[in-house]
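# Understanding the architecture of this molecule
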Amino acid sequence: MKIYTSPRAPNPRRVLMFIAEKGISGIEQISIDLLANEHKGPAFCAKNPLCRVPALELDDGRILCESRAICTYLEGLQPQPNLMGVDFEERAFIEMADRRMELHLFASIANSVRHTHPGLAGLEQPQFPDFGRSQGMKMREVARWLDQSLSSQPYVAGERFTIADITAFCALEFARGLMKFHPGAEGMAHLQAYRDRIAERPSAAAA
């Protein structure tokens, strides 16, 4: 199999961190240069018509896109360690937590960065700075809720590490790098401690 990724891009990092947590080997990594618009070239767009990374090319030539769909495939391919739920009830609650991180934390961070950071002007045209700033405020509302949640449980979905923590961590790292968002500096001590703890996992360095 081949995984098409891009350095420093948060969605590919989610999949690479998932692969590292699973201990899956043998997947060839192919880097796509987003700043050079390689993802919009005919070669890659033939694989993913939406021209976005990541994309997983299966051994039979089929292309699987969207981060969570790729992780679902890999979870089925190698069920242990389990990251998405052992039965339908746990899967539902983990998916709820993961979707919250994706839709309400990750997406707001991405919108804020894409519409306010000058380095991404080439990828996001037109940029709407006011929208980006408003998304930054909305992200902090979710971050404060998450900070309170983490005051009473060790992980985003409860008592164990799951895919929801991968999504949350990659979102926070994206915000740390391009929004200079440091939860502890904004009164979110539990969220800062959580980020620092997840950063110590080998998969965080591998992705």
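Here is a short report on the structure shown in this document. (Residues numbered from 1 in each chain as written. Predicted model: local features only at pLDDT ≥ 70, side-chain atom pairs only at ≥ 80, totals over all residues. Heavy atoms only, no water.)

## Examining the overall build of the protein
- A count of helices and strands for the protein gives eight helices and four strands.
- Written out in order from the N terminus, the α and β elements of the protein read β-α-β-α-β-β-α-α-α-α-α-α.
- Relative to a compact globule of 207 residues, whose C-alpha radius of gyration would be 17 Å, the protein shows 17 Å and is just as compact.
- Expressed along its principal axes, the backbone C-alpha trace of the protein runs to roughly 45 × 45 × 25 Å.
- Split into buried and exposed, the 207 residues of the protein put 47% on the buried side.
- For the protein, restricting intrachain contacts to residue pairs at least 6 apart in sequence, the fraction spanning at least 24 positions comes to 67%.
- Counting every atom, the protein has about 10,500 Å² of accessible surface; 54% of that belongs to carbon and sulfur.
- With 24 positive and 25 negative side-chain charges, the protein shows a separation of 4 Å between the mean positions of the two kinds. (Helix = DSSP H or I, 4+ residues; strand = E, 2+ residues; numbered from the N terminus. Rg over C-alpha atoms; globule rule 2.2 N^0.38 Å. Buried < 20%, exposed > 50% of the residue type's maximum accessible area, 1.4 Å probe, protein only. Contact = heavy atoms within 4.5 Å. Areas by Shrake-Rupley, 256 points an atom, 1.4 Å probe, with all protein chains shown as cover. Lys, Arg positive; Asp, Glu negative; His and termini not counted. Charge placed at Lys NZ, Arg CZ, Asp CG, Glu CD.)

## Structural notes on the nonpolar core
- Within the largest apolar cluster, 50 residues are counted, with the highest numbers of intra-cluster contacts made by Leu74, Leu105, Ile109 and Tyr194.
- For this core, the secondary structure elements donating two or more residues are helix H1 (10–22), helix H3 (67–77), helix H4 (88–116), helix H5 (129–149), helix H6 (163–178) and helix H7 (189–199).
- Looking at which element gives the most residues to this core, the answer is H6, with ten residues.
- Those residues in contact with leucine 105 that lie beyond four places of it in its chain are Arg100, Met139, Val142, Ala143, Leu146, Ala168, Ala171 and Leu172.
- In terms of nonpolar packing, the next biggest core, distinct from the first, is built from eight residues, Tyr4, Ile32, Leu34 and Ala55 among them. (Core = buried A, V, L, I, M, F, W, Y, C linked by side-chain atoms within 4.5 Å.)

## Some thoughts on the environment of glutamine 153
- With respect to the element layout, glutamine 153 can be found in the loop between H5 and H6.
- Residues in contact with glutamine 153, not counting those within four places in the same chain, are Gly158 and Glu159.
- Only 2.9 Å separates the side chain of glutamine 153 from the backbone oxygen of valine 156, close enough to count as a polar contact. (Polar contact = N/O pair within 3.5 Å; in protein donor to acceptor, adjacent residues only side chain to side chain.)

## As for the state of the cysteines
- Under the definition given, this model contains one disulfide.
- Bridging cysteine 45 to cysteine 51, the disulfide has an S-S length of 2.2 Å. Taking the torsion about the sulfur-sulfur bond, which here is approximately 130°, the covalent link between cysteine 45 and cysteine 51 counts as right-handed.
- Taking relative accessible area as the criterion, cysteine 51 reaches 15% and is therefore assigned buried.
- Not part of a disulfide, cysteine 65 finds its nearest cysteine sulfur in cysteine 51, a span of 10.0 Å.
- When its relative accessible area of 19% is taken as the criterion, cysteine 65 is described as buried. (Disulfide = S-S within 2.5 Å.)

## Some words on the pattern of salt bridges
- Under the definition given, this model contains 13 salt bridges.
- The partner of aspartate 60 in a salt bridge is arginine 62, and the shortest N-O contact between them spans 2.8 Å. For the pair shown, aspartate 60 and arginine 62 are each scored as exposed.
- Residue arginine 140 is joined to glutamate 186 by a salt bridge in which the shortest nitrogen-to-oxygen separation is 2.9 Å. Of this pair, arginine 140 sits in helix H5 while glutamate 186 sits in the loop between H6 and H7, and the two are 46 residues apart along the sequence.
- Of the residues examined, glutamate 186 reaches a relative accessible area of 35% and is grouped as partly exposed.
- Three or more residues joined by partner-sharing salt bridges are found here, namely Glu173, Arg176, Arg195 and Asp196. (Salt bridge = Lys/Arg side-chain N within 4 Å of Asp/Glu carboxyl O.)

Keep in mind that these numbers describe shape and distance, not what the molecule does.
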